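# Report on the structure
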Amino acid sequence: MHLDTAYVCYSCRRIQDRVPTGKCSTCFSENVYPLGWIGRRRKDRINLLKRIGALRRRDEAHTAI
């Protein structure tokens, strides 16, 4: 397993290699996150989240509350 393709599921707390469906292969939760982010700089992570629109959606969700 390579760190850049490893994901952790926060629901069942398992680490797995690749998550092609976007869900944990054990418990089928969508609560999976890449472990490769550990080694990336904060600036790089923020830029990626902005590029895919995740930060915008999170900010909109907080504004709606």
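Thresholds applied
Residues numbered from 1 in each chain as written. Predicted model: local features only at pLDDT ≥ 70, side-chain atom pairs only at ≥ 80, totals over all residues. Heavy atoms only, no water. Helix = DSSP H or I, 4+ residues; strand = E, 2+ residues; numbered from the N terminus. Buried < 20%, exposed > 50% of the residue type's maximum accessible area, 1.4 Å probe, protein only. Contact = heavy atoms within 4.5 Å. Polar contact = N/O pair within 3.5 Å; in protein donor to acceptor, adjacent residues only side chain to side chain. Phe/Tyr/Trp six-rings, centres within 6.5 Å; stacked < 30°, edge-to-face > 60°. Salt bridge = Lys/Arg side-chain N within 4 Å of Asp/Glu carboxyl O.

With that settled, the discussion passes to the environment of Asp 17. With respect to the helices and strands, Asp 17 occurs in strand 2 (residues 15-17). Owing to a relative accessible area of 39%, Asp 17 belongs among the partly exposed residues under this scheme. Here Asp 17 is in contact with Met 1, His 2, Thr 5 and Ala 6, once residues within four sequence places are set aside. Reaching out from Asp 17, the side chain makes a polar contact with the side chain of Thr 5 at a distance of 2.6 Å.

Below, the discussion takes up the environment of Ser 25. Checked against the element boundaries, Ser 25 lands in the loop between strand 2 and strand 3 (32-34). Considering only alpha carbons, one finds Ser 25 and Cys 9, 16 residues apart in sequence, at a separation of 9.3 Å. In terms of polar contacts, Ser 25 uses its side chain to reach the side chain of Gln 16, at 2.6 Å.

Another point: the packing of aromatic side chains. Enumeration according to the criterion identifies one aromatic pair in this entry. Considering the side-chain rings of Tyr 10 and Tyr 33, the 5.4 Å spacing of their centres and the 50° angle between planes classify their relative orientation as tilted. Residue Tyr 10 is found in the loop between strand 1 (6-9) and strand 2, and its partner Tyr 33 is found in strand 3; the two are separated by 23 residues along the sequence.

Under the defined criterion, the tally for this structure stands at one salt bridge. Here Arg 41 makes a salt bridge to Asp 44, at a shortest N to O gap of 3.2 Å. Of the residues examined, Arg 41 reaches a relative accessible area of 55% and is grouped as exposed. Take Asp 44: its relative accessible area is 32%, and that puts it in the partly exposed class.

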